[in-house]
Structures are given as C-alpha cells and as structure tokens.
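Fold and contact review
For reference, the chains in residue letters:
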Amino acid sequence: MSSTKHNLAAHNAPDSNAADTRPTLVVVGNGMVGHHLVEQLVERDQHRRYRIVVFGEERHLAYDRVHLSEYFSGRDAQSLALSTADYYAEHGIELKLHQAVTAIDRDARRVHTDTGYLDFDRLVLATGSFPFVPPIPGNDREGCLVYRTLDDLDAIRAAATTANTGVVVGGGLLGLEAANALRGLDLDTAVVEFAPRLMPMQVDEQGGELLKEKIEGLGVQVLTERATREIVPGEASRLRMVFQDDKVLETDLIVFSAGIRPRDELARECGLEIGERGGVVIDDRCLTSDPAILAVGEVALYNNSIFGLVAPGYQMAKAAADTLCGGDSTFTGADMSTKLKLMGVDVGAIGDAHANRHPGAKQYRYFDQIQQVYRKLVVSGDGKRLLGAMLVGDNSAYDSLMQYYANGLDLPADPASLIVPSSEPAPALGPDALPDSATICSCHNVTKGAISAAIDAGCEDLGAVKGTTKASTGCGGCAALLKNVFDHELAARGMEVDTSLCEHFAHTRQQLFDIVRVKGIKTFSELMTRHGTILDDGAPSLGCDICKPAVASILASCFNEPITDAAHIPLQDTNDTFMANMQKNGTFSVVPRIAGGEITPDKLIVLGQVGKKYGLYTKITGGQRIDLFGARLEDLPAIWEELIDAGFETGHAYGKSLRTVKSCVGSSWCRYGVQDSVGMALRLEHRYKGLRSPHKLKFAVSGCTRECAEAQSKDIGVIATEHGWNLYVCGNGGMRPRHAELFATDLDDQALIQAIDRLLMFYVRTADRLQRTSVWRENLEGGLDYLKAVVLDDSLGIGEELERQMQHVIDTYECEWAGALADPAKLKRFRSYVNDSRPDPDIIVTEERGQLRPA
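Thresholds, definitions, all that
- Positions within a chain are numbered from 1, following the residues in the order the chain's sequence is written.
- For a predicted model such as this one, the threshold for reporting local features is a pLDDT of at least 70, and the threshold for listing and counting side-chain atom pairs is 80 or more; totals across whole chains, interfaces and linings nevertheless cover every residue.
- Derived side-chain values reflect all non-hydrogen atoms in the structure, with water molecules and hydrogen atoms excluded from consideration.
- Helix and strand labels come from DSSP, where a helix needs a run of H or I of at least four residues and a strand needs a run of E of at least two; each type is numbered from the N terminus.
- Both definitions apply: the radius of gyration is a C-alpha atom measure, and the globule rule equals 2.2 Å times residues to the power 0.38.
- In what follows, residue pairs with any heavy atoms lying within 4.5 Å of each other are defined as contacts.
- Areas reported here follow the Shrake-Rupley algorithm with a probe of radius 1.4 Å; residue values treat only the protein chains shown as occluding.
- Residues scored as positive are Lys and Arg, those scored as negative are Asp and Glu, and His as well as the terminal groups of each chain are ignored.
- Positions of charges follow a simple convention, taking NZ of Lys, CZ of Arg, CG of Asp or CD of Glu.
- Basic side-chain nitrogens of Lys or Arg form a salt bridge, by our definition, when they fall within 4 Å of a carboxyl oxygen of Asp or Glu.
- Each residue's exposure class comes from its accessible area (1.4 Å probe, protein chains only) as a fraction of the maximum for that residue type: buried when under 20%, exposed when over 50%, partly exposed otherwise.
- Patch members must show over 30% relative accessible area and no salt bridge, and they are joined within 9 Å when carrying like charges or within 5 Å when they are nonpolar side chains of Val, Leu, Ile, Met, Phe, Trp or Tyr.
- By definition, the arc is the one covered by directions from the helix axis to the C-beta atoms.
- In this description, a nonpolar core means a group of buried Ala, Val, Leu, Ile, Met, Phe, Trp, Tyr and Cys residues linked to one another through side-chain atoms lying within 4.5 Å.
- Strand pairing follows a simple DSSP-based rule, namely that at least 2 bridges must link the two strands.
- Here, axes are lines fitted to C-alpha atoms. For helices the fit covers the stretch in contact, and angles between N-to-C directions go from 0 to 180 degrees.
- Between the rings of Phe, Tyr and Trp (Trp by its six-membered ring), a pair exists once the centres lie within 6.5 Å; its type follows the angle of the planes, with under 30 degrees stacked, over 60 edge-to-face, and the other angles tilted.
- A ring is scored as having a charge over it whenever the NZ atom of a lysine or the CZ atom of an arginine sits within 6 Å of its centre and within 35 degrees of its normal.
- Convention used here: angles under 35 degrees read as roughly parallel, angles over 145 as roughly antiparallel, angles from 65 to 115 as roughly perpendicular, and any remaining angle as oblique.
- Only Asp, Glu, Lys and Arg are considered charged, only Ala, Val, Leu, Ile, Met, Phe, Trp, Tyr, Cys and Pro nonpolar, and every remaining residue, Gly among them, polar.
- The quantity called pLDDT is the predictor's confidence in a given residue, expressed from 0 to 100.
- Here a crossing is called left-handed whenever its near helix is offset anticlockwise from the far helix by less than a right angle, and right-handed whenever the offset is clockwise.

For the protein, the helix and strand inventory stands at 27 helices and 37 strands. The C-alpha radius of gyration computed for the protein amounts to 30 Å, which stays within 12% of the reference 29 Å derived for 855 residues, consistent with globular compactness. Seen through its C-alpha atoms, the protein measures out along the principal axes to roughly 85 × 75 × 70 Å. In the protein, the proportion of contacts linking residues at least 24 apart, taken out of those at least 6 apart, comes to 62%. Surface accessibility of the protein: about 38,300 Å² in total, with carbon and sulfur atoms responsible for 48%. With 88 positive and 117 negative side-chain charges, the protein shows a spacing of 1 Å between the two charge centroids.

Attention shifts here to the pattern of salt bridges. For side chains bearing opposite charge, pairing can occur when the charged atoms are close. One pass over the structure, following the stated rule, counts 43 salt bridges. Two residues, arginine 51 and glutamate 94, come together in a salt bridge whose shortest N-O distance is 2.7 Å. One end of the pair, arginine 51, is in strand 2 (residues 51-56); the other, glutamate 94, is in strand 3 (residues 94-97), and 43 residues separate them in sequence. Looking at arginine 51, the relative accessible area reads 1%, which means it is buried. Note that glutamate 778 is salt-bridged to arginine 738, the shortest N-O span being 3.0 Å. Taken together, the positions of glutamate 778 in helix 23 (residues 773-779) and arginine 738 in the loop between strand 34 (724-729) and strand 35 (741-747) put the pair 40 residues apart, joining distant regions of the chain. For arginine 738, a relative accessible area of 10% corresponds to the buried category. Each member of the salt-bridge network shares a partner with another, and the members are Asp514, Arg517, Arg765 and Glu801.

Time to look at a negative patch on the surface. Taken together, the side chains of Glu205, Glu209, Glu213 and Glu216 define an acidic patch exposed on the protein surface. For glutamate 205, the location among the structural elements is in helix 8 (residues 205-217).

Attention now goes to the environment of alanine 822. With respect to the helices and strands, the residue alanine 822 is situated in the loop between helix 26 (816-821) and helix 27 (824-827). Here alanine 822 falls in the exposed class, since its relative accessible area comes to 63%. The spatial distance from the C-alpha of alanine 822 to the C-alpha of glutamate 641 is 9.9 Å, given a sequence separation of 181 residues.

To continue, consider helix 15 (residues 509-519). Within the sequence span of helix 15, burial applies to Arg509, Leu512, Phe513, Ile515 and Val516. One face of helix 15 carries all of its buried residues, which in axial projection span an arc of 165 degrees. Buried residues in helix 15 make contact with helix 16 (524-531), helix 17 (547-559), helix 22 (749-766) and helix 25 (799-811). A positive phi of about 65 degrees marks glycine 520, the residue just after helix 15.

A few words now on the nonpolar core. Core analysis: the largest hydrophobic core is formed by 62 residues, its most contacted members being Phe699, Leu727 and Ile756. With 10 residues, helix 22 is the largest single contributor of residues to this core. Ignoring any residue separated from it by four or fewer positions in sequence, one finds leucine 727 in contact with Ile716, Gly717, Val718, Glu741, Leu742, Phe743, Ala744, Leu747, Leu752, Ala755 and Ile756. The next biggest cluster of nonpolar side chains, apart from the first, holds 51 residues, and it includes Leu25, Val33, Ile274 and Cys286.

As a further point, take the sheet that holds strand 24 (residues 373-379). Read from one edge to the other, the open sheet built from 5 strands follows the order 21-22-25-24-23, with strand pairing classed as antiparallel. Edge positions in the sheet fall to strand 21 (338-342) and strand 23 (362-368), since each of these pairs with one other strand and no more. The average undirected angle you get between the axes of adjacent strands in this sheet is 10 degrees. In the packing of helix 11 (residues 398-407) onto the sheet, contacts are made with strand 21, strand 22 (345-351), strand 24 and strand 25 (386-392), and the angle to strand 25 comes to roughly 165 degrees.

Attention now goes to the environment of aspartate 627. Assignment of secondary structure puts aspartate 627 in strand 30 (residues 626-631). Sequence separation of aspartate 627 and arginine 593 is 34 residues, and the distance between their C-alpha atoms is 9.8 Å. Setting aside its immediate chain neighbours within four residues, aspartate 627 contacts Val590, Val591, Tyr617, Thr618, Lys619 and Thr621.

Let us look at the packing of aromatic side chains. Considering all chains together, one arrives at 14 aromatic pairs under this definition. Look at phenylalanine 367 and tyrosine 374: their rings are 5.8 Å apart centre to centre, the planes differ by 90 degrees, and that puts the pair in the edge-to-face class. Since its relative accessible area comes to 0%, tyrosine 374 is described here as buried. Centroid distance phenylalanine 762 to tryptophan 776: 6.1 Å. Interplanar angle 65 degrees. Geometry classified as edge-to-face. Here phenylalanine 762, found in helix 22, pairs with tryptophan 776, found in helix 23; they are 14 residues apart in sequence, far enough to count as distant. According to the relative accessible area criterion, tryptophan 776 is buried, its value standing at 3%. Pairwise contacts between aromatic rings join Phe578, Phe588, Trp640, Trp817 and Phe830 into one cluster. Here the guanidinium or amino end of lysine 603 rests over the ring plane of phenylalanine 648, the centre of that ring lying 5.2 Å away.

Below, the discussion takes up unusual backbone geometry. At cysteine 286, a position not held by glycine, the phi torsion is positive, near 70 degrees. Relative to the helices and strands, cysteine 286 resides in the loop between strand 18 (280-281) and strand 19 (293-295). We classify cysteine 286 as buried; its relative accessible area is 0%.

What describes two packed helices is the angle between their axes and the distance between those same axes. Relative orientation of the contacting elements helix 15 and helix 16 amounts to 105 degrees, with a least axis distance of 12 Å. One finds that helix 15 runs roughly perpendicular with respect to helix 16. Residue-level inspection shows Leu512, Ile515, Val516 and Lys519 of helix 15 in contact with helix 16, the latter providing Leu527, Arg530 and His531. When grouped by side-chain class, the residues that make up the contact of helix 15 with helix 16 number 4 nonpolar, 1 polar and 2 charged.

Turning our eyes to something else, we now look at the side chain of threonine 149. Along the chain, threonine 149 turns up in the loop between strand 9 (144-146) and helix 6 (150-160). Residue threonine 149 is classed as buried on the basis of its relative accessible area of 16%. Excluding its chain neighbours within four sequence positions, the residues that come into contact with threonine 149 are Glu58, Tyr63, Arg65 and Leu68.

The next point concerns the sheet that holds strand 32 (residues 697-702). Spatially, the 5 strands line up as an open sheet ordered 31-32-33-34-35, and their pairing is mixed. What marks the edges here is a single partner per strand, and that holds for strand 31 (658-663) and strand 35. For this sheet, the mean inter-axis angle between neighbouring strands, taken without regard to orientation, is 15 degrees. As judged from the 4 bridges shared by strand 32 and strand 33 (residues 716-721), these two strands associate in the parallel manner. Each bridged residue has a counterpart across the sheet, and for valine 701 the counterpart in strand 33 is valine 718. Together, strand 31, strand 32, strand 33 and strand 34 form the strand contacts of helix 21 (residues 677-688), whose direction differs from that of strand 31 by roughly 175 degrees.

Another aspect to go through is the confidence of the model for the protein. A residue-level look at the protein finds 94% of positions with pLDDT of 70 or above and a mean pLDDT of 88. For the protein, per-element mean pLDDT is lowest for helix 1 (residues 3-12), which scores 37, and highest for strand 7 (residues 122-125), which scores 98. Counting interchain partners and residues more than four positions distant, the pLDDT-below-50 stretch residues 1-16 has 36 contacts.

Now for the packing of helix 19 (residues 601-614) against helix 20 (residues 636-645). Relative orientation of the contacting elements helix 19 and helix 20 amounts to 165 degrees, with a least axis distance of 10 Å. With respect to their mutual orientation, helix 19 and helix 20 come out roughly antiparallel. The crossing of helix 19 and helix 20 is right-handed. Taking contact as the criterion, the partners of Val606, Leu607, Val610, Lys613 and Tyr614 in helix 19 are, on helix 20, Ala638, Ile639, Glu642 and Leu643.

Written as structure tokens, this is what we have:
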C-alpha cells in the first residue's frame, strides 16, 4: 500500500493527509466496541504503524451505553464518556465526530462522507446496531421515539415534560431499561411485550411470572402477549395503541425498544457478504469477505449469530486488533450469560438456562413466593456438570455458578445445595479449585492464568497486577476474588503475602489495633513515629488515604474520643469531617437517629419543619429512619441545633459504625409477636450507637419467626422465640448479599447482650480494614464453630476483656454533633470557602414530585 494513493487522494479530499506515508486504517464507528478497538491498537503500538482515522456518527465521544439510563438520574455525556479527545490527540489518532461515512468504494479503497472522501488500506466496521421499530401503522407519529443514543434520551426527556404517561414497546433487557427511564421521569409507565413473558431470552415461564410480579410491584403496568395493530390519535391522551384483540391503551409517549438490527447498510451497498437476516459475515479473525475490511461488535455476524452484549464485542475488538498487527488471536464465539439488575430486580442467566440444548439434562428448581426468589439449575444427566442456571430476584449465587459452568468443575454431591437456602452456606469455591482458564474479571476477560502470568512476569503487588491485566478496573465486582487469587498465587510460589495496611505501616490492621490498645497510643503522629514510616528529614510520614481513616477507626474503637477533636480531624474523610454524607451535587444529608424506628408525633413535626425551612429532600429509608438530603455545608450546624434541641442525636449515617436497628412492632401490638422487639431494638441501638468498627453495622430485631424486620440479612439479627431470642450473625445485603447464620438459640436478655458484646468487639479487634462482618466470618480460620467457641464458650479466655472494652465505649458515648455545636473552633469548618462566608454558587437544584433534587 503505497503513499502514492494518499497523494492522489490528497489532491481532492480535505480528509486526507498527504505527508503521512503510513498505511491508513479507518474505523467506522465510535461506540463502545469501536473505542475499545482503538484502545487495543494503542496498547499494541499500532498507532505508530498506522495512520488511524475514526469516524463517529454521533456528536458525542464514545460513551457507556450499559449505564445509559443513568443519564436521567444526574449523569451527563461527559461522565458517561469512555475517553477524552485528548486521549485520541495524544496518540495521534484523528477523531471525526458527527461525521457519518456514507459509502465505501472497495475497488478504490475509499470511504465517502458528506464532506469529502478518504482512501484507506484497512477498514474496520464498528457501526453497531439500530433499534428495531415494528412496522406498525402510525409508528412515526409525534411522541413515538426510540431508546438508543444520548440524543434519543434528550428527545424522550423533552417529550416527558408535557406527558403524564409513557409506554415501552418491548419487554426485553433494553425495554425494561427504557421503562425504568420513563419511571424515573415521573411518568405512569407500562411495558407492552409481544411474547408470553418478559425477557423471554433469559427467563422461563415461572421466572417470567415472578419478574412480572416484581416489576408490577414497582408501579409499572406489564402487558404480555400483546401485538399492536396500529397507533392512532388518542382521546384522553395523545396516542392510542390498538391491539390485535381490539383492546386499547392510551398514552402520551411511546418508546420503541423491541430489539436491535445490525447497521450493515454500508457493507450491503458495497457488496460484502451479508447474513440471511442481516449482519456482516466475519471469520474467527474478524475478517469480512473482503480481506481488507474487518467488522466487530453488533454489526458482525459470526457463526450465524449476532452478539448483542458488550463483552463479546470487546473480545472481537481484541481479535481484530491482533489481526491488524499480524497476531493470531481469534474470536470463536462468546457465552451470552448475563447478570443484570433491572429496576432493582436481579436477573441472571447462565449457559443453557432453558435446558433446550442438552437432551437428558436434569433440572433443580427453587421458588420462594414470599421472598420473591426463583432459582433453577440445569445439570448433566449424571449430575456432575452445570449446563445452565437461571436466577430471578437474587443474583448472590451467580458468580459461583458461573465458575462451575465456565470451567466444567465438578458439582457438589447435592447440586441443590447451591440454590436452596440452608443454615450452612453453599460449598465455597476457593482459588485452588479454579483452573487457569477460569475467568476472574469478565469486563476485560482476565483469567486466573493471566493473573498467574503477570505475577511470574514480576508483578508483586495487587496494583501492578491490575495495571498489567486490567482486572478489576471495570465494574470492580471481581475485586475480592482477584485479591484471593493474587494472595493464593503468591503463597503457591513460596512468596510472602504482604498483609501490611499500606506503605506507611508494615503491620496489619489487627496488629495495629493491638499495638494501639496495649501501648495506649492515642494519636496518629505517635503511632507513625513509633511504628510507621520516618521520612529522610527525621519527621514521621503524614500517612495516606488508606492508613489515616483506618487508624482513626482504631483510635475511636479503643478510646472513643470525639472524632472531631483537633488531633483526630485530619484523619477523617469528608463524611466524618462534616458528620454528614456528601451527595453528588456537593450538599450533605442529615440523618438523625430514630432508634428502632420509634418516633413521637412531636419529633415527626420537627423533622417536617426543619425539612421545609431548609428546603431538604425528605425520604423514609428501609432502615426505619428519615433522611433529609440537600443541606448546604454552612447550614449543617443550624439544622442540627434545631434537631438536638428537639431531642434528636446523630444517626452516624456517615461513619463506619452502627447505622440502624430495624424492628417490627413485636408483642406490643402484633398478635403474632412473642417478645417485645421494639424494646430490644431500642436497647441494642442505644447500647452500640457509639461503636466505631472496620465497616458499617446494621441490626434488626423481629418479634416472631415471621421475620418482618428481615433480621437474617443483617450483621446482627435477633429473632424472638417463646423462650427468648435466637441470634443470627454476619449477614449483609449490598453488592454481595449473605444470609446470616444461626449463632445461638433461646438466649435470655442478659445472655444475648453478652454474646453481642463479645462478638462485636472480637470483630473490631481482628477484622481487616473496611471488612464487613460477612467477609470477616468467611475468612475466619475455623469458621462458625471457632467463633462460637470464642464468644459463647470463651475458649481464648478473653470474654471479660471484650466485655470491658465494649463497656468503655458505651460509657464514653457522646453525640458528635452535640459536641461540635458546643465548640466554636469546630464550627469554623462549616463554610464552603475559607475566606468567604457566601454559600456555594455551584449548587443548583430543581423541583421534582414536590421536592428539590440536584439539577
């Protein structure tokens, strides 16, 4: 490919660069996959070999379509962007946004645009797909829109300002995302699906029924088995959808999200091979029928399949980049297993979830209509291999099941144990059980073998492994598994696993806790001087964002001095510094303690008055508290002064400490209650409200086994029996939910308090930095039996010491906000600018549903 062609093109085309003698590589499309291809080329230094020109039809840089719906909840195009224009310029890549390629001349090796043409040597089609709009008469009326790009979302937002209702046509993944977006715009929302159930590709009839029930529980109407015959002007609303059975549905806005079709028109018009149902045919090197042209992403058809997920597109981009630089990586198809959260509802599908590709396969099903959880396993006829799985309502088992499926691991003797709740957790998959081919990071397709190879190549710390492999740099959901694999691989090589807290302390958190407690060290500077890093000038190090908050927590746990004292405040993060959680627009939340959810009418009135006076967004939380959002920094003292005068105190929502103790009404009101759950919840919350711990703590107390307070999903769960209390420990919700385990039964009040005192203080003393009780319990050598022996049987002989430490915390409790209000020096921190008392002018709010929220 000579420079002559470039010179000829330069004579006529403003898009060419005659001085550049490198072969020209044109990438058509700047979506997620097109951008990932560019990243792969840069990683391989191909931007030095090729002159790379990227055409993007949209006016925006490549952005994250996976989180597109967040555009309606505050994110903008810049925050969704996957890169910057500077990145392209830095690597000499010509980025032409808002410029569509209109034709490809294969004979002349030339692409045409509205502004000229450009000759190429190699071409990659990354044109993606477009939303399928069913051929319904009237589908082009005003108010009929699609859900695909940021511009589409701008159009939907604009239309929603004068609408009350909205309908999404399509009940698949994208359809439910669109429904969530309309719901977020405060529209009464309905979903119309042609198939008999929602998400027919991912869930079966039973799973679809549960999914429908959960979606309808969120206020979204679901209509399945509905084919729209025509769309006509409405009577009460703008539009009327007329179905095949003559039933009608009126709405102001219709969003089509009924699937995708490949954007293959350029390829079709220039004569490339196209699949029977669309898509550019590629081989395993992502080459089309023209060896100078490649295709990746949703426009590409491999083995008669279009892959509509990001991960397969990234794999194609990697293979295409390798092809362009003479490598031998190939794309051989992709697993379409998915883990989703739609409108807060978990949906997971692995492998042959419908059991229609493996004759003789056996199935296990678990269905809990009360908890709204459905799980299904599809296993081989001999019960040894997982062929597929389906999860609705709870994805906590997804990661383990995915490893069994992807790596062909032997299932437990009783496969049902993987999906059926039990007092004992399901068999765990440790790093040693995973083969080298096991995928640890699905975002970047990083295997255990790749991590092992990175360690062999000299990566001796976790940061280096992340930098080399990109593992855990995507969504971050694999962080814990990555750390376990990394530590296991180091140990397997006879290398010491560094458990130091950070570069400033060659100790673990547990070791530092013991040093602080035994030696009575009460300040960070003293601890650093005696046991940390000393700088060249002889001064102690100032520490970092890892060790400062960790030591702050240790000091608070041991001595319970106010975190707002001058010696401690430099160690705190923003939330602890201002004793409030910072929100995304720079304002703060105000969360007073409402122990056990019990509150008097007078206090409710005060909260309403404060919220109204300061323009605060008000919300009742799942933890039985009332959160007030949107407080300006300079208003926090005045707000808290009013609340404390009314008898409130800090709710520690900002701290790694006890947050809430949830309760039902118990025997005081409920005819099923067998103990006073409210009284016990109040007692526990007031007892432990000052305890600083490695991570946040949540409790619950239920007055009977009907479990209205959901105690079995908490760090400490207490359930009443006719003979006392059953104690459950080390559960949590969050990104990786864990069922709490039964620890002791029929305890009286005193024995219950003693067990919780000991367990919590043992956790505070021995847990790692930012480690939840659930993770601490899972990593505890000896497991639950060991923990029972230490706490209940006092096998280590430290029971009384643990109780004394807890009693010290209880006796020295002080409301941090009350202390701050009494100290003028502490109040000086509460201003937006050090040298100016004006409020922050960049805080802008808008009204929604009668309340203020960030604009």
